[in-house]
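# Coordinate inspection notes
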Amino acid sequence: MHRYQILMEYVGTSFYGWQYQKKQITIQGTVEEVLKKILKKKVKVYGSGRTDAKVHAIEQSAHFDVKKKIDNIKKFFNTLNFFLNKNFITIVKINKRPLTFHARYSAKKRIYKYLIYNRESLPSIDRDRGWYVKKKLDYKLIKKASHFLKGTHDLSVFRASNCSASSPVRTINSLMIKKNNDIIEIRIKSRSFLKQQVRSIVGCLKYVGEKKWTVNKFKKVVISKNRNLCAPPAPGTGLYLEKVIY
């Protein structure tokens, strides 16, 4: 058996997330379909994590196994992209990996970023590549509130009701927020994330930026561990899986 890791980027706008669904178009399902076409047999693809509907990836990591070694890796790489590119999926790199490697379980850190377009007019070029928020947000308040999340916390408040994680406790290694003209970028690094965690965090930080919540209210909501107190999660269109670190 031979194991291969693929690093890929994709625009998630027209997909129902990463995970295969019988009646929906997904990233995993699309890649598996192309692999089956090329290899003439069914191939299971394992991703580093399940991105939600409309979520993008700059560098998603996945792996698959084949019985026979791929001899012409360059030709295989180009053939994969020939079929995938029309769906806005690109294989950036293919690596031969030992069977001990696992795209999900071998990952040490994951980095997600979220983009907010905070301006008067609706973006055209960057539409569906970020969250358009017309009301002026207080960037300094958002940054101040975000400091509270660094470290290890019970993040039940940010956890989707159908999250399958065994524990709501997560360690946020870094949370950086920067502003470039009318774009606010939120970048979070952690070993693993709860379902809807990043989008829920961004939704709550937006409330702070709009001054619907004070920084202290934000802290109290997090400490409450009560999902019902969470602000509406930010839309998937602004979220990017940026990198998976092994």
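In what follows, the structure referred to is the one given above.
A brief look at the structure comes next.

Scanning the chain from N- to C-terminus turns up five helices and ten strands. By the compact-globule yardstick of 18 Å for 246 residues, the chain fits well, its C-alpha radius of gyration being 19 Å. For the chain, the proportion of its 246 residues judged to be buried stands at 49%. In the chain, 69% of the contacts between residues at least 6 apart in sequence involve partners at least 24 apart. Within the chain, the 16 negative side-chain charges are centred at a point lying 5 Å from the centre of the 53 positive side-chain charges.

For the rest of this paragraph, the subject is the pairing of strand 3 (residues 56-66). Judged by how many residues are buried, strand 3 sits mostly within the fold: eight of eleven residues are covered. The pairing of strand 2 (residues 45-47) with strand 3 spans three bridges and is classified as antiparallel. Bridge pairing in strand 3 places Tyr-46 opposite His-63. In this structure, strand 3 lies alongside strand 10 (residues 239-245), joined through two bridges in parallel fashion. Looking at strand 10, one finds that Ala-57 is bridged to Leu-241.

Taken as a whole and judged by the stated rule, the model has seven aromatic pairs. Ring geometry for Phe-64 against Phe-76: centres 6.2 Å apart, planes inclined by 40°, an arrangement best described as tilted. Taken together, the positions of Phe-64 in strand 3 and Phe-76 in helix 2 (residues 73-84) put the pair twelve residues apart, joining distant regions of the chain. The exposure class assigned to Phe-76 is buried, which follows from its relative accessible area of 6%. Here the aromatic rings of Tyr-114 and Trp-131 are separated by 6.3 Å at their centres, their planes lie at 85°, and the arrangement is edge-to-face. A residue pair is termed long-range when its members are at least 10 positions apart, and Tyr-114 in strand 5 (residues 109-118) and Trp-131 in strand 6 (residues 131-133) qualify at 17 residues. For the residue pair Tyr-114 and Trp-131, the accessibility class agrees, reading buried in each case.

It is worth spelling out the packing of helix 3 (residues 139-146) against helix 4 (residues 197-209) at this point. As a packed pair, helix 3 and helix 4 sit with axes 8 Å apart at the nearest point and diverge in direction by 130°. By the criterion of interaxial angle, the relationship of helix 3 to helix 4 is oblique. Taken as a pair, helix 3 and helix 4 cross one another with a handedness that is right-handed. Contacts between helix 3 and helix 4 involve Leu-141, Ile-142, Ala-145 and Ser-146 on the former and, on the latter, Leu-205, Val-208 and Gly-209. A class-by-class count of the residues in the contact of helix 3 with helix 4 yields five nonpolar, two polar and no charged.

So, on to the layout of surface pockets. Gaps between atoms show up when a probe of the same size as a water molecule is rolled over them. Of the pockets and cavities examined, the largest pocket occupies roughly 1,000 Å³. Lining the largest pocket are 39 residues; nearest its centre among them are Ser-48, Gly-49, Arg-50, Arg-104 and Phe-193. For the lining of the largest pocket, the secondary-structure elements that each account for two or more residues are strand 2, strand 5 and helix 4. Within the lining of the largest pocket, the residues separate by chemical class into 16 nonpolar, 14 polar and nine charged. Put simply, the second largest pocket is a space of about 380 Å³. Residue composition of the lining of the second largest pocket, grouped by class: six nonpolar, seven polar and six charged.

About the criteria used
- Residues numbered from 1 in each chain as written.
- Predicted model: local features only at pLDDT ≥ 70, side-chain atom pairs only at ≥ 80, totals over all residues.
- Heavy atoms only, no water.
- Helix = DSSP H or I, 4+ residues; strand = E, 2+ residues; numbered from the N terminus.
- Rg over C-alpha atoms; globule rule 2.2 N^0.38 Å.
- Buried < 20%, exposed > 50% of the residue type's maximum accessible area, 1.4 Å probe, protein only.
- Contact = heavy atoms within 4.5 Å.
- Lys, Arg positive; Asp, Glu negative; His and termini not counted.
- Charge placed at Lys NZ, Arg CZ, Asp CG, Glu CD.
- Pairing = 2+ DSSP bridges.
- Phe/Tyr/Trp six-rings, centres within 6.5 Å; stacked < 30°, edge-to-face > 60°.
- Axes fitted to C-alpha atoms, helices over the stretch in contact; angles between N-to-C directions.
- Parallel < 35°, antiparallel > 145°, perpendicular 65-115°, else oblique.
- Left-handed = near helix turned anticlockwise from the far one by under 90°.
- Nonpolar A, V, L, I, M, F, W, Y, C, P; charged D, E, K, R; others polar.
- 1 Å grid on protein atoms, 1.4 Å probe; cavity = no way out; pocket = protein on both sides within 12 Å on 5 of 7 lines; lining within 4 Å.
- Points joined across faces, edges and corners; volume = space filled by probe spheres on them.

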